[in-house]
Amino acid sequence: LKHETVLELARDAEVPVINGLTDFNHPTQAVCDLFTMTEQLPAGRALEDCTVVFVGDRTNVCSSEMFIATQFGMRFVHAAPAAYQAPAEWLAVAERNCAASGGSVAVTDEVEEAVAEADFVYTDLWWWVGQEDEIPERRAAFLPRYQVNEELIGRAPEHAKFMHCLPASRGVEVTDAVIDGPRSIVFDQAENRLH
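Summarised in this report is the structure supplied together with it.

Procedures and definitions
Residues numbered from 1 in each chain as written. Predicted model: local features only at pLDDT ≥ 70, side-chain atom pairs only at ≥ 80, totals over all residues. Heavy atoms only, no water. Buried < 20%, exposed > 50% of the residue type's maximum accessible area, 1.4 Å probe, protein only. Helix = DSSP H or I, 4+ residues; strand = E, 2+ residues; numbered from the N terminus. Arc of directions from axis to C-beta. Contact = heavy atoms within 4.5 Å. Phe/Tyr/Trp six-rings, centres within 6.5 Å; stacked < 30°, edge-to-face > 60°. Disulfide = S-S within 2.5 Å. Patch = residues over 30% accessible without salt bridge, like charges linked within 9 Å, V, L, I, M, F, W, Y side chains within 5 Å. Areas by Shrake-Rupley, 256 points an atom, 1.4 Å probe, with all protein chains shown as cover. Salt bridge = Lys/Arg side-chain N within 4 Å of Asp/Glu carboxyl O. Expected span 1.5 Å × (residues − 1). Pairing = 2+ DSSP bridges. Core = buried A, V, L, I, M, F, W, Y, C linked by side-chain atoms within 4.5 Å. Axes fitted to C-alpha atoms, helices over the stretch in contact; angles between N-to-C directions. Right-handed = clockwise from strand over helix to strand, strands pointing away.

Right, let's get into helix α9 (residues 186-194). Of all the positions in α9, only V186, Q189 and N192 are classed as buried. With its buried residues spanning 125 degrees around the axis, α9 presents them on a single face. Exposed residues on α9 whose side chains face more than 90 degrees from its buried face are F187 and L194. Looking at the buried side of α9, the elements it contacts are α2 (27-39), β4 (120-123), β5 (161-164) and α8 (176-179).

So, in structure tokens, the structure goes:
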């Protein structure tokens, strides 16, 4: 799980080392997600015209989505309570990407305003391996405002799609009605990861 382990392997390896997931980032997920977004672009729009709103904790997926979206000139918004927002180091990387790509990055606790401009609404688990003792405080911080439910997704434009890296905690960060609903492209994401 440790990012340092992958870096150490890459330093000492004589073959390419692919990061399939660490506690810092998940670049293979992000590459597949970007491909999925290209398949699901709103009519007449290019990637650089789109906004990705990541709702919830600053997970490894959040960092990678932030980095790849800003590399491709997209607008990336992380909507989360202040204690769970992307750190300054991530924002520095994203801002350097934006300077080169023309994209933009923002962090806010105003989730309702953020999703109102989303082309893709993305969420992930609210706790991960080693954070189980934080579950009560994390639930209290995120529920109900940052749960992607019918009310929240209803604030997004009609064309907006819902994304999740899976597995999902149904009824926690996302409701069944959203993940199984017509806006959800989570199985397209999963199919693209399979390849």
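Having seen it, we continue.
What follows covers the packing of aromatic side chains. Applying the stated criterion across every chain, the model contains six aromatic pairs. Note on F24 and W90: the rings are 6.3 Å apart at their centroids and 70 degrees apart in plane angle, and the pair reads as edge-to-face. Placement of the pair is F24 in the loop between α1 (3-12) and α2 and W90 in helix α4 (residues 88-101), with a sequence separation of 66 residues. Consider the rings of F54 and Y122, whose centres lie 5.4 Å apart with planes at 20 degrees: the pair is stacked. A residue pair is termed long-range when its members are at least 10 positions apart, and F54 in strand β1 (residues 51-55) and Y122 in strand β4 qualify at 68 residues.

With that settled, consider the state of the cysteines. Throughout the structure, instances matching the rule amount to zero disulfides. Here C32 is not cross-linked by a disulfide; its sulfur's nearest cysteine counterpart is in C165, at 12 Å. Of all cysteine sulfurs, the one in C98 lies closest to C50, which takes part in no disulfide; the gap is 15 Å. The exposure class assigned to C50 is buried, which follows from its relative accessible area of 1%.

On the surface, L1, L21 and V129 cluster together into a nonpolar patch covering about 270 Å² of accessible area. Looking at the element boundaries, L21 is found in the loop between α1 and α2. For L21, a relative accessible area of 34% corresponds to the partly exposed category.

Taking 1.5 Å of rise per residue, the 12 residues of helix α3 (residues 60-71) would be expected to cover 16 Å, and the 17 Å separating its terminal C-alpha atoms lies within 8% of that figure. Burial runs high along α3: 11 of the 12 residues are buried. When we look at burial in α3, the residues that qualify are N60, V61, C62, S63, S64, E65, M66, F67, I68, A69 and T70. Next to the buried residues of α3 lie α2, β1, β2 (75-79), α4, β3 (104-108) and β4. Once α3 ends, the next one or two residues include G73, with phi positive near 75 degrees.

Here we come to the pairing of β3. The pairing of β2 with β3 spans five bridges and is parallel. Each residue of the ladder has a partner; that of V77, found in β3, is A106.

If you look at soluble globular proteins, the nonpolar side chains tend to sit buried side by side. Counting 26 residues, the largest nonpolar core has V53, V55, V111, V115, V121, V148 and F162 as its most contacted members. Put simply, the parts of the chain that give this core at least two residues each are β1, β2, α5 (111-115), α7 (150-153) and α8. With near-sequence residues (within four places) excluded, F162 lies in contact with V121, T123, V148, I153, V174, V178, I179, R183, S184, I185, V186 and Q189.

To continue, consider the sheet that holds β5. Taken together, five strands build an open sheet; the order of strands is β3-β2-β1-β4-β5 and the sheet is parallel. At either margin of the open sheet sits one strand with a lone partner, and together these are β3 and β5. On average, each strand axis in the sheet is tilted by 20 degrees relative to the strand beside it, whichever way the strands run. With respect to the sheet, α3 is in contact with β1, β2, β3 and β4, its orientation differing from that of β2 by roughly 155 degrees.

This paragraph deals with the environment of A83. If you trace the backbone, A83 turns up in the loop between β2 and α4. Distance in space between the C-alpha atoms of A83 and C98 is 24 Å, their sequence separation being 15 residues.

Burial within β1 is extensive, with five of its five residues counted as buried. Pairing analysis gives five bridges linking β1 to β2, with the strands arranged parallel. Note on β2: the bridge partner recorded for V55 is A79. Taken together, β1, α3 and β2 form a β-α-β motif whose crossover is right-handed. Sheet topology places β1 next to β4; four bridges connect them, and they run parallel. Bridging from a neighbouring strand, V55 pairs with T123 of β4.

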